[in-house]
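Structural characterization, general
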Amino acid sequence: MQAAIQFPPISPEIFSIDLFGFDFALRWYALAYIVGILIGWRLALMAVKAARLWPNDQSPMTPAQVEDLLTSVILGVIVGGRLGYVVFYQPAYYLAHPLESFMIWQGGMSFHGGLLGVIAAGLYFCARTGISKLHTADMMALAVAPALFLGRISNFINSELWGRPTDLPWGVIFPDAAAQQCGSLIDICARHPSQLYEALLEGLILGTVILWLVWRRDALKFPGTIMGIFFAGYGAARFFVEFVRQPDAQFITEGNPLGLALQTGGYGFTMGQLLSIPMILIGIWFILRARKA
């Protein structure tokens, strides 16, 4: 059998309590988002309190307004993430079962949908407060990496969103029955730990670059730069990880084993790649625009 790493015995639940016949559980996934949001909130507060980071050495918003923005962002993540999953990944199923669209506790969230929800929340916040859209976007972009990093780690703990089969020595043997359906009747199937690839690229590396640009290179003095870096960086990271990430089951057919959402002659793009290309182009445009301003 090929060398591989056995999936560690970690439960998706940290603990559970039975109260009056109802089972209440704290899951790693929920904790990841809570902690990630709190870290992002602290980073945003640090940024607004450091007036020297902003144009004309003047912060665009107060700490109280940061908290107001956070409330809008949380709502945008939940609503946008769920609607994005419904529309982008399983529209036919949810058209047939419309009430299940609201059952977020059953799982199913889309990053790209969550991003659209956050953008909508940010625009609403700016319209209500009169604060610059670019400053607000930069503020949100510098704070999001911790939640991305912890969210991907929790995806790994949940044994979900794993990658394609691999014979590389760091391939992981995920315990799920679906993960073992690799077309082999003999060997145990090892897969790319694509969740950890994304945690490294989208969370740790991209977040470190953004924080370095903010605190060491005065990037916030060029409105739109940090937002552009985030869009282009996340889009590029997700685009490349999609080459080794297992696509959603609804895209895989006998004639399309790679699960390509758009293809011709056996070559094409996954849904994740199609959604990431506009992010890359938009990010590059904002970076160039900021430098010319």
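This report concerns the structure included in the present document. Residue positions are given per chain, counting from 1 as you read along its sequence in written order. Totals for whole chains, interfaces and linings use every residue, but because this is a predicted model, local features are given only for residues with pLDDT of at least 70 and side-chain atom pairs only at 80 or more, for both listing and counting. Note that water and hydrogens are dropped before the side-chain values are worked out from all heavy atoms of the structure.

1. Some remarks on the state of the cysteines
For the purposes of this analysis, a disulfide is any pair of cysteine sulfur atoms at a distance within 2.5 Å. Applying the stated criterion across every chain, the model contains 1 disulfide. Here Cys182 is linked by a disulfide to Cys189, with a sulfur-sulfur distance of 1.7 Å. Its torsion about the S-S bond being -70°, the disulfide of Cys182 and Cys189 is classed as left-handed. Look at Cys189 and you get buried, because its relative accessible area is 7%. Buried means the residue's accessible area, taken with a 1.4 Å probe over protein chains only, is under 20% of the maximum for its type, while exposed means over 50%, and partly exposed covers the values in between.

2. Regarding the pattern of salt bridges
Should a side-chain nitrogen of Lys or Arg be within 4 Å of a carboxyl oxygen of Asp or Glu, the pair is scored as a salt bridge. A full pass over the atoms with the stated rule returns 9 salt bridges. The residue Asp68 makes a salt bridge to Arg128 at a minimum N-O spacing of 3.1 Å. Placement of Asp68 in helix H2 (residues 63–88) and of Arg128 in helix H4 (residues 111–129) is noted, with a sequence separation of 60 residues between them. What makes Asp68 partly exposed here is its relative accessible area of 26%. In this structure, Arg238 engages Glu198 in a salt bridge whose closest nitrogen and oxygen atoms are separated by 4.0 Å. Of the two residues, Arg238 sits in helix H8 (residues 225–241) while Glu198 sits in helix H7 (residues 194–216), which places them 40 residues apart along the sequence. Classification of Arg238 as buried rests on a relative accessible area of 4%. Each of the salt bridges in this network shares a partner with another, and the network as a whole consists of Arg152, Glu198, Glu202, Arg238, Glu242 and Arg245. Secondary structure elements follow DSSP: runs of H or I of four or more residues count as helices, runs of E of two or more count as strands, with numbering from the N terminus.

3. Overview of the packing of aromatic side chains
Pairing of aromatic rings covers Phe, Tyr and the six-membered ring of Trp, with a centre-to-centre limit of 6.5 Å; geometry is then stacked below 30 degrees between planes, edge-to-face above 60, and tilted otherwise. The full count for this structure, using the stated rule, is 11 aromatic pairs. Between Tyr85 and Tyr94, the aromatic rings sit 6.3 Å apart at their centres with planes inclined by 70°, giving edge-to-face as the arrangement. By relative accessible area, Tyr85 is classed as buried at 14%. Judged by its relative accessible area of 8%, Tyr94 falls in the buried class. Their ring planes at 55° and their centres at 6.1 Å tell us that Phe239 and Phe269 sit as a pair that is tilted. In this pair, Phe239 sits in helix H8 while Phe269 sits in strand E6 (residues 267–269), placing the two residues 30 residues apart along the sequence. Look at Phe239 and you get buried, because its relative accessible area is 14%. In textbook terms, an aromatic cluster arises when at least three aromatic residues are bridged by ring pairs, as seen for Phe239, Phe240, Phe243 and Phe269.

4. Brief notes about the nonpolar core
If you look at the biggest cluster of nonpolar residues, it comprises 38 residues, and the most contacted ones within it are Met61, Met139, Leu142, Ile210, Ile226 and Phe230. Apart from residues no more than four positions distant in its own chain, Met61 is found in contact with Val48, Val66, Leu69, Phe125, Ile131, Thr136 and Met139. Buried Ala, Val, Leu, Ile, Met, Phe, Trp, Tyr and Cys residues that are joined via side-chain atoms within 4.5 Å together make up what is termed a nonpolar core. Tyr89, Tyr94, Met271 and Leu275 belong to the second-largest nonpolar core, a separate cluster that totals 7 residues. We call two residues in contact when some of their heavy atoms are within 4.5 Å.

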